[in-house]
Amino acid sequence: MRPVTLERDASVATRISRWRLAVVGLGHVGSGVLEILSHSADDLRSRYGVEFVITGVAELGGSAVHPSGLDLAAVLRAVRARRAVAELGLVGRPQLTPIAMIQAARPDIVLEATPVNLRDGEPGLGTVVAALGQGAHVVLANKGPIALAYPKLSSLADIGDWARRPGSGRQPRLRFSACVGGALPVVNIGRRDLSGCRILRFEGVLNGTTQSILRAIESGQSYDEALRDAQERGIAEADPTLDVDGLDAACKLAIVANTVLSQPTTLGDIETRGIRDLDPDEIRGARAHGSRIVLRSLAELHGSQYDLSVAPAELPLDHPLARLHCDEMGIMYTTDTVNRISAASLEPGALPASAAMLRDVLDIVRLEPAHPRRYSALALPRFIRSRGHLR
């Protein structure tokens, strides 16, 4: 699809690049992307010269799809009212799977934000493989596929930050910065901003649920009270096992190891201990002697290999990770030349992760000026050609 010229006013014409998006998973993160696109459309046109059209959305139980573009306002009304998008007028498709939706919607970029499955990565992994196989770029918030199947996905997609090598052929792009700390640019700092450096040590507080619980216990709450508060605020899941047992943080560390540190890593390679069995008096007592307990993800270089672990750690209060507030996540890289670089992000809800997905989408747009994907209406599935368009 070639960029088209749209009139902004009587005297100014700007070349606007139109991109078709499909969103798989309409929970807090996926629906947050739609909210951002809805209220930021004018800003995206004026600042980046880009217009996004949602051609498909999918959730458990069905999809809504139309290659010419769904009515975003109608989709958002359904999501806010907790109605199934499959019930949307002429575009709803009950029981249409995400893979079938992508085949029908013909998107340029697929945004995958379904719940994490650390057993086999499904159904997200299958959706990502199918989308890449169709030639669509993919942006992930679901960390399962990239944590469990990085070698496979990296063989199917371009995960680099630069233009493709001459003669390398076209591969769709895969981006996943939202998978590690939401809006916190963990992967971007490590892969791009520390290019040329030898990373000696990586430390991170990468799980918001455990950070919230530890700070609440520190202030006097019990573990159960702190967990319940995190669940009521939407930070913790109804089943918090992945968070409190350290598995979510280990998953994120595996992504950092594979994609930033270039060390092939599985979850089984990471020594993992959560916070469930911590003594509340130990958490509170740490402050009395000038320190604070956090759930730290750690990669430390020894020889040619990084030792990887996730475990509670008592850090001095002047350590960047000890200064984080209850809803903050943070990282610190130590290298041979830059020495120390740290960053933190306040993330009290899911919207920062949604913003990170948009960040990755814009990165793909920046790297794809030719926008080579084109589709003909003659190639559309029959049920799409014969159905109307909800407006």
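Scroll up a little and you will see the structure.
None of these values were measured; they are calculated from a predicted model.

Enquirer: Could you give an account of the nonpolar core, with specific residues and numbers?
Expert: One broad rule of soluble globular proteins: the nonpolar side chains tend to lie buried together. Ranked by size, the top nonpolar core spans 73 residues in total, and within it Met101, Ile146, Leu174, Phe176, Val186, Phe202 and Tyr333 carry the most contacts. Here this core gets eight residues from one element, more than from any other, and that element is helix α12 (residues 247-259). Beyond its immediate stretch of four places on either side in the chain, Phe176 contacts Leu140, Ile146, Ile159, Val187, Ile255, Thr259 and Asp360.

Enquirer: Outline the sheet that holds strand β9 (residues 199-205), listing residues and values.
Expert: The strands making up a sheet associate through hydrogen bonds between their backbones, and the pairing can be parallel or antiparallel. With mixed pairing, six strands are arranged side by side in an open sheet as β10-β12-β11-β9-β13-β14. Only two strands of the sheet have a single partner each, and these edge strands are β10 (271-272) and β14 (340-346). In the sheet, β10 pairs with strand β12 (residues 305-316) via two bridges, with the strands oriented parallel. The residue of β12 that forms the bridge with Glu271 is Ser309. Here helix α8 (residues 186-193) sits on the sheet in contact with β9, β13 (328-335) and β14, set at roughly 20° to β13.

Enquirer: Outline helix α3 (residues 72-80), listing residues and values.
Expert: Buried residues of α3: Leu72, Ala74, Val75, Leu76, Ala78 and Val79, and no others. Close packing links the buried residues of α3 with α1 (28-39) and β3 (50-59). You can read the cap of α3 off the contacts: a side-chain oxygen lies 3.1 Å from the backbone nitrogen of Ala73, and it is on Asp71. Of the residues trailing α3, Arg82 is marked for its positive phi of about 60°.

Enquirer: Can you break down the side chain of Asp327 residue by residue, with the values?
Expert: Within the secondary structure, Asp327 sits in the loop between β12 and β13. The exposure class of Asp327 is buried, given its relative accessible area of 12%. Ignoring sequence-local partners within four residues, the contact set of Asp327 consists of Ser212, Arg233, Ile235, Ser345, Leu346, Glu347 and Pro348.

Enquirer: With reference to specific residues and values, describe the packing of aromatic side chains.
Expert: According to the stated counting rule, one finds one aromatic pair in the structure shown. Consider the rings of Phe202 and Tyr333, whose centres lie 5.0 Å apart with planes at 50°: the pair is tilted. In this pair, Phe202 is assigned in strand β9 and Tyr333 in strand β13, connecting sequence segments 131 residues apart. Each member of the pair Phe202 and Tyr333 is classed as buried.

Enquirer: Could you give an account of the pattern of salt bridges, naming the residues involved and the relevant values?
Expert: The full count for this structure, using the stated rule, is 20 salt bridges. Of the charged contacts in the structure, one is a salt bridge between Arg284 and Asp281, with a shortest N-O distance of 3.7 Å. Of the two residues, Arg284 and Asp281 both sit in helix α13 (residues 280-288), three residues apart, roughly one turn of that helix. For Asp281, a relative accessible area of 55% gives the class exposed. Residues joined by salt bridges that share partners form a network here, namely Arg18, Asp42, Arg45 and Glu51.

Enquirer: Describe the packing of helix α4 (residues 98-105) against helix α5 (residues 124-133), with residues and values.
Expert: Viewed as axis vectors pointing N to C, α4 and α5 meet at an angle of 20°, and their least axial separation amounts to 9 Å. When the interaxial angle is binned, α4 and α5 end up roughly parallel. Taken as a pair, α4 and α5 cross one another with a handedness that is right-handed. Every residue of α5 that contacts α4 at Pro98, Ile99 and Ile102 is listed here: Gly126, Thr127, Ala130 and Ala131. Each residue belonging to the contact of α4 with α5 can be placed in one class, and the counts come to five nonpolar, two polar and no charged.

Enquirer: Describe the pairing of β12, and please don't skip the residues or the numbers.
Expert: Where strand β11 (residues 291-302) lies against β12, 12 bridges are found, and the strand directions are antiparallel. Bridging from a neighbouring strand, Arg292 pairs with Leu315 of β12. With antiparallel pairing between neighbouring strands as the criterion, β11 and β12 make up a hairpin whose turn holds two residues, including Gly303 at a positive phi of roughly 70°.

Conventions and cut-offs
Residues take numbers from 1 onward in each chain, read along the sequence in its written order. pLDDT decides what is reported in this predicted model: residues at 70 or higher carry local features, side-chain atom pairs at 80 or more are listed and counted, and totals for whole chains, interfaces and linings draw on all residues regardless. Excluded from the side-chain calculations are hydrogens and water; all other atoms, namely the structure's heavy atoms, are used. By nonpolar core is meant a set of buried Ala, Val, Leu, Ile, Met, Phe, Trp, Tyr and Cys residues that side-chain atoms within 4.5 Å join together. The cut-offs for exposure are 20% and 50% of the maximum accessible area for each residue type, with area from a 1.4 Å probe on protein chains only; residues under the lower value are buried, those over the upper are exposed, and the others partly exposed. The way it works is that DSSP assigns letters per residue, a run of H or I at least four long becomes a helix, a run of E at least two long becomes a strand, and they are numbered from the N terminus. Residues count as neighbours in contact if any of their non-hydrogen atoms are within 4.5 Å of one another. Two strands are said to pair when DSSP picks up at least two bridges between them. Every angle, taken between N-to-C directions, lies between 0 and 180 degrees, and every axis is a line fitted to C-alpha atoms, over only the stretch in contact when it is a helix. Each polar contact in these results corresponds to two N or O atoms within 3.5 Å; when the atoms are within protein, one needs to be able to donate a hydrogen and the other to accept it, and residues that are neighboring in sequence are counted only if both atoms are side-chain atoms. Each aromatic pair joins two rings of Phe, Tyr and Trp (for Trp, the six-membered one) with centres within 6.5 Å, and gets the label stacked for planes under 30 degrees apart, edge-to-face for over 60, and tilted for any other angle. Definition used for salt bridges: Asp or Glu carboxyl oxygen within 4 Å of a side-chain nitrogen of Lys or Arg. Roughly parallel means an angle under 35 degrees; roughly antiparallel, over 145; roughly perpendicular, 65 to 115; everything else is oblique. Take the far helix as the reference: if the near one is turned anticlockwise from it by less than a right angle, the crossing is left-handed, and if turned clockwise, right-handed. Residue type decides the class: Asp, Glu, Lys and Arg count as charged, Ala, Val, Leu, Ile, Met, Phe, Trp, Tyr, Cys and Pro as nonpolar, and the leftover types, Gly among them, as polar.

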